[in-house]
Amino acid sequence: MQVYSYASKSLFDLDLNSPLELDRISSLVLLVNPAHQTALNRRKDLVLSGCLSNADDELRLTAVLQSLPDGAKSSILWHHRRWVLNHFQPLTSNAQPASDSLSFLSLPLHQFATELEIASIACETYPRNYHAWLHKCKVIEALTASYQRSPNTESEALFRTIMGSGVKHVDMHIKDYSSIHHLCRVFDATVKCGLKEQSRLDETKERPYQPVEHAKGLLLVYPTYESIWYYLRVAILVEQNLGIKTYDTDITTLSWLPQSKDPNVEKYRNAFVRWEKLRRL
């Protein structure tokens, strides 16, 4: 801890005339404390001054930090990553820079996949990781914007991969509200890109992903999990907002749901019925 304390104090003493030492000191501080705001700000200074001119090196450093539990859950570290991307990647025509958005950048396709992979690792490192899932949502927004500007088969394939892995993740993490929200966001993006019928991996030979049907299937197996009841609500709203409907009207009566003596199931069932009545007003 003495080394960390010394390094933290050194961040205020070092200037850009010693870029190599400042680079090393700030990296050391971040390895101990990935949420150290001053260390991240000093690294921004190094980037802006041109002392750190390789985006890959800075992105690799943040990826290492985001593989650690403290780094995976650090909001300012995820913001720093998006700031780096915005600084080094070219903007689309007539776009204004926005340090916490990726939608106006001309990102290569492999960068979308890289960002999603790093966020996925962080979600496993620190479960129910809101900040990593938020990063994923921003990547999906950017991929959607990129595809709408220039449709291509490679992006379509990536969308299908994302949808397939998203369904599998929800199936294996049924308590994770963020992953459910992300899956619905991906479905929304595929519909807006005209890829609704391709929203599950072609290799699986399964029916295309349908939010309400997927939520219903999980609810039949896990009726005691409140997260799945909220998934059904969100799924109904997503399909309604998109002007599509993949389910029978009777699904909202819950007559298909097995009877249970568990008081929680009855509580969730009644809450859903009240919500459905209010939705129809």
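Use the structure listed above.
Let me sum up the structure you'll find in this document.

What counts and what doesn't
Here the residue index of a chain counts from 1 through its sequence in written order. In keeping with the model being predicted, local features are shown solely for residues with a pLDDT of at least 70 and side-chain atom pairs are shown and tallied solely at 80 or more, while totals for entire chains, interfaces and linings include all residues. With hydrogens and water set aside, each side-chain value is computed from the structure's full complement of heavy atoms. Axes here mean lines fitted to C-alpha atoms, for a helix over just the part in contact, with angles spanning 0 to 180 degrees between N-to-C directions. In this description a helix means any DSSP run of H or I spanning at least four residues, a strand means any run of E spanning at least two, and both kinds are numbered starting from the N terminus. By definition in this entry, angles of less than 35 degrees are roughly parallel, angles greater than 145 are roughly antiparallel, angles of 65 to 115 are roughly perpendicular, and the rest are oblique. Left-handed describes a crossing whose near helix is turned anticlockwise from the far helix through less than a right angle; right-handed describes the clockwise counterpart. Contacts are assigned to residue pairs with any non-hydrogen atoms lying within 4.5 Å of each other. Residue polarity is assigned by list, with Asp, Glu, Lys and Arg as charged and Ala, Val, Leu, Ile, Met, Phe, Trp, Tyr, Cys and Pro as nonpolar; anything else, Gly included, falls into the polar class. When a carboxyl oxygen of Asp or Glu is within 4 Å of a side-chain nitrogen of Lys or Arg, the pair counts as a salt bridge. For each residue, the accessible area found with a 1.4 Å probe, counting protein chains only, is set against the maximum for its type, and the residue is called buried under 20%, exposed over 50%, and partly exposed in between. Expected span of a helix: the number of residues minus one, times 1.5 Å. Here a cavity is any set of points on a 1 Å grid over the protein atoms alone where a 1.4 Å probe fits but cannot get out, and a pocket is any open set with protein on both sides within 12 Å along at least 5 of 7 lines; a residue lines the site when it has an atom within 4 Å of a point. Grid points are joined across faces, edges and corners, and a volume is the space filled by probe spheres set on the points.

Where helix 4 (residues 55-66) contacts helix 6 (residues 75-88), the axes come no closer than 10 Å and their chain directions differ by 165°. Relative to helix 6, helix 4 is oriented roughly antiparallel. As helix 4 runs across helix 6, the sense of the crossing is left-handed. Taking contact as the criterion, the partners of A55, E58, L59, T62, A63, L65 and Q66 in helix 4 are, on helix 6, L77, W78, H80, R81, V84, L85 and F88. When its residues are assigned to classes, the contact of helix 4 with helix 6 shows nine nonpolar, three polar and two charged.

Moving on to the pattern of salt bridges. Under the criterion given, the structure shown has 13 salt bridges. Close ionic contact of R43 with D23 constitutes a salt bridge, the shortest N to O distance being 2.8 Å. Here D23 lies in helix 2 (residues 19-32) and R43 lies in helix 3 (residues 37-49), a separation of 20 residues in the sequence. The burial state of R43 is the same as that of D23; both residues are buried. Across the pair R279 and E276 runs a salt bridge whose closest N-O atoms are separated by 2.8 Å. Of this pair, R279 and E276 both sit in helix 13 (residues 263-279), three residues apart, which is roughly one turn of the helix. Note on E276: relative accessible area 5%, which makes it buried. Several salt bridges share partner residues, and in doing so they unite D23, R43 and E58 into one network.

The phi torsion of most residues other than glycine is negative, and most of the peptide bonds are trans. Look at R128: it is not a glycine, yet its phi comes out positive at around 55°. On the basis of relative accessibility, which here comes to 54%, the residue R128 falls in the exposed class. Positioned with a positive phi, L254 is a non-glycine residue whose angle comes to about 65°. Mapped onto the elements of the fold, L254 is located in the loop between helix 12 (226-241) and helix 13.

Turning to helix 12, a few remarks are in order. Between its first and last C-alpha, helix 12 extends 23 Å over 16 residues, near the 22 Å set by a 1.5 Å rise per residue. Along helix 12, the residues classified as buried are S227, I228, W229, Y231, L232, R233, A235, I236, V238 and E239. A positive backbone phi angle near 75° is found at G243, which sits one or two residues after helix 12.

What follows concerns the layout of surface pockets. There is about 250 Å³ of room inside the largest pocket. What lines the largest pocket is a set of 15 residues, and nearest its centre among them are L116, S120, K136, I162 and S165. Elements represented by at least two residues in the lining of the largest pocket include exactly helix 7 (109-125), helix 8 (130-149) and helix 9 (153-172). Of the residues in the lining of the largest pocket, the class split is six nonpolar, six polar and three charged.

This part covers the environment of S227. For S227, the position within the fold is in helix 12. For the pair S227 and W78, spaced 149 residues apart in sequence, the C-alpha separation works out to 26 Å. Apart from residues lying up to four places away in sequence, S227 is in contact with I174, K175, Y177 and I180.

Purely spatial values, then, with no claim about function.
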